[in-house]
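Here's the letter readout for the chains.
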Amino acid sequence: MHSTPDSSPRDSWGSQAGFILAAVGSAVGLGNMWRFSYVASQGGGAAFVLLYLGLVAVIGIPLMTSEFVVGRLAQVSPVKALPLLGGRKWTPLGWMFVFAGLIILSYYSVIAGWTMRYAWEAVSSGLPKDTVAYFNDAATGLPAIGWHVAFMVITIFIVAGGIRRGIERAAVILMPVMFVILAGLAVYAFFLTGSREGYAFYLNPNLGAVFDPQIIGNAAGQAFFSLSLGMGALITFASYLKGRNNLAKEATIVALADFGVAFMAGLVVFPIVFTFGLQDQIGASGLGALFVSLPAGFASMGAAGKFVGAAFFIMLFFAALTSSISLLEVVVSAIVDSFGAARRAVAITMGTIITIIGVPSALSLDFLGAADALVGNFLLILGGFFTAIFVGYSVLDKADAELAIGLPSESMRKAWAFMVRYVAPPILLGVLYLLIAPTWQAIRTLVGLGN
Ligand code: PHE
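Model, not experiment: these values are computed from the prediction.

Colleague: So what exactly am I meant to see when it comes to the overall build of the protein chain here?
Modeller: A tally of helices and strands in the protein chain yields 21 helices and 0 strands. A total of 451 residues make up the protein chain; the buried ones form 62% of that total. Of all intrachain contacts in the protein chain linking residues separated by at least 6 positions in sequence, the fraction that spans at least 24 positions is 84%. As displayed, the protein chain offers around 16800 Å² of accessible surface, 69% of which is attributable to carbon and sulfur atoms. Where the 23 positive side-chain charges of the protein chain centre and where its 20 negative ones centre are 8 Å apart.

If you want it as structure tokens, here you go:
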């Protein structure tokens, strides 16, 4: 079923479980940890969670299935897969994916660098009490650049190792460890005195919020970012896939695992916040929830805090690393497959370029936030919209035949095609419309900071 490294010049996954873990690793990341719990609490708690789950079901899973199908069918990076299957006019979409990967990784690595620094500090000397001052010191400037570089070096090293020996091995080791730490933290948080209050705040349904357009836009952006959709990351991963598995089932597994981790992160964050009276800090900024308020909680826990804080940031670092390798792989595979260059050299070169692009984000939080709004939100939804058009209208027959290899049920494939053709495009267009104003604001911020 699987080709050996010798029989095929292109790398492939060692096992189906390895592929699934790598895809879960891509999806589970910084997006689940701070963005989900923060946005959920702002947008109606349980109502947001339900809305998010609905969007994952009707758009997320069908689009993830589509990305898997395109990748396995074409056996090549999206920049070649799209024109190969749908004609030359689709080439620009492939390069838009590469652009999105470059930019997202450039600032993602800065945040991941903070997690490394926090983990290091928690293990070595314990996190300091004045977490606001500590965050301000860590977030921007030379230390932030240093940790950003360190994180990129590790990411480059793993991607240079290839699919089976680099990315798959990292995911198979890091994801289970990450999951066990997170589950342990959720159990610990359950026994804190403020856990009930925290759960109540987190899960209190405010059903009116489901109809608030801004919250719908937030939930959709969050779904795309968290599921790694709209930039070809999962097309790229699936292009190293052999075999006859049911890709719709595997997309469902990945999406549910991603949701489960996001949900659990909320079960960790909110009890800590309410036990130690950190409510004011959490609404202040998305990043604040994680890097300002939580360490304050750890500092108040006494001896346990050192251990819990270290566990939390190590877990976060692992989650970020398995996502960043998927971002770099999109860029690397595009160059390797287009120009036949050697993986190791490409990983080092492109990784270095991305490290440099990330420097402005390590110098200014406004720049980082604007890059996230422009690329992490708007461009992913745009990429998802075009992916739906590509699969639903340009290559549907081929995609359907590929999906049928593992999913013989015609009615289920019909339901998938219906979602991709008629449900995803109009909803995504609506979301793009809602995002015009914030995106324009982000562009102005980026340009304003540039001169
Ligand atoms: N899904 C990742 C997270 O939640 C981020 C990511 C986005 C990774 C797009 C790859 C592609 O942190």
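Past the structure itself, the notes keep going.
Colleague: Looking at this model, I keep getting lost on the pattern of salt bridges. Mind explaining?
Modeller: Where side chains of opposite charge bring their charged atoms close, a pairing between them can arise. Evaluated as defined, the whole model comprises 6 salt bridges. Two residues, Asp 400 and Arg 413, come together in a salt bridge whose shortest N-O distance is 2.9 Å. Remark: Arg 413 occurs in helix α20 (residues 410-434) and Asp 400 occurs in helix α19 (residues 396-404); sequence separation between them is 13 residues. Taking the relative accessible area as the measure of exposure, Asp 400 reaches 23% and is therefore partly exposed. Residue class for Arg 413 comes out buried when judged on its relative accessible area of 10%.

Colleague: Looking at this model, I keep getting lost on the site of the ligand. Mind explaining?
Modeller: Close contacts around the ligand come from 14 residues, with Ala 27, Gly 31, Tyr 108, Phe 225 and Ser 228 the closest. Between Ser 26 and the ligand, the recorded distance is 3.2 Å, taken from a backbone N or O atom to a nitrogen atom. Ser 226 places a polar main-chain atom, nitrogen or oxygen, 3.1 Å from a nitrogen atom of the ligand. Coverage of the ligand by the protein amounts to 100% of the 320 Å² it exposes when considered alone.

Colleague: Explanation requested: the packing of helix α3 (residues 46-74) against α20 in the structure shown.
Modeller: Each packed pair of helices is defined by two parameters, the angle between the axes and the distance between the axes. Packing of α3 against α20 leaves a shortest axis separation of 9 Å and a crossing angle of 115°. The two elements α3 and α20 meet at a crossing, and its hand is left-handed. Contact residues: Leu 55, Val 58, Ile 59, Pro 62, Leu 63, Thr 65 and Ser 66 in α3; Trp 416, Met 419, Val 420, Val 423, Ala 424, Ile 427 and Leu 428 in α20. In terms of residue class, the contact of α3 with α20 is built from 12 nonpolar, 2 polar and no charged.

Colleague: It is not clear to me how unusual backbone geometry should be interpreted in this structure. Could you clarify?
Modeller: Outside of glycine, negative phi angles account for most residues, and trans bonds account for most peptide bonds. Phi is positive for Gln 75, close to 55°, though the residue is something other than glycine. Residue position: Gln 75 is located in the loop between α3 and α4 (78-86). Phi is positive for Ser 228, which is not a glycine, with a value near 60°. With respect to the helices and strands, Ser 228 occurs in the loop between α10 (213-227) and α11 (233-238). Ser 228 sits in the buried class, given a relative accessible area of 11%.

Reading the values: the criteria
- Residues numbered from 1 in each chain as written.
- Predicted model: local features only at pLDDT ≥ 70, side-chain atom pairs only at ≥ 80, totals over all residues.
- Heavy atoms only, no water.
- Helix = DSSP H or I, 4+ residues; strand = E, 2+ residues; numbered from the N terminus.
- Buried < 20%, exposed > 50% of the residue type's maximum accessible area, 1.4 Å probe, protein only.
- Contact = heavy atoms within 4.5 Å.
- Areas by Shrake-Rupley, 256 points an atom, 1.4 Å probe, with all protein chains shown as cover.
- Lys, Arg positive; Asp, Glu negative; His and termini not counted.
- Charge placed at Lys NZ, Arg CZ, Asp CG, Glu CD.
- Salt bridge = Lys/Arg side-chain N within 4 Å of Asp/Glu carboxyl O.
- Near = heavy atom within 4 Å.
- Polar contact = N/O pair within 3.5 Å; in protein donor to acceptor, adjacent residues only side chain to side chain.
- Axes fitted to C-alpha atoms, helices over the stretch in contact; angles between N-to-C directions.
- Left-handed = near helix turned anticlockwise from the far one by under 90°.
- Nonpolar A, V, L, I, M, F, W, Y, C, P; charged D, E, K, R; others polar.

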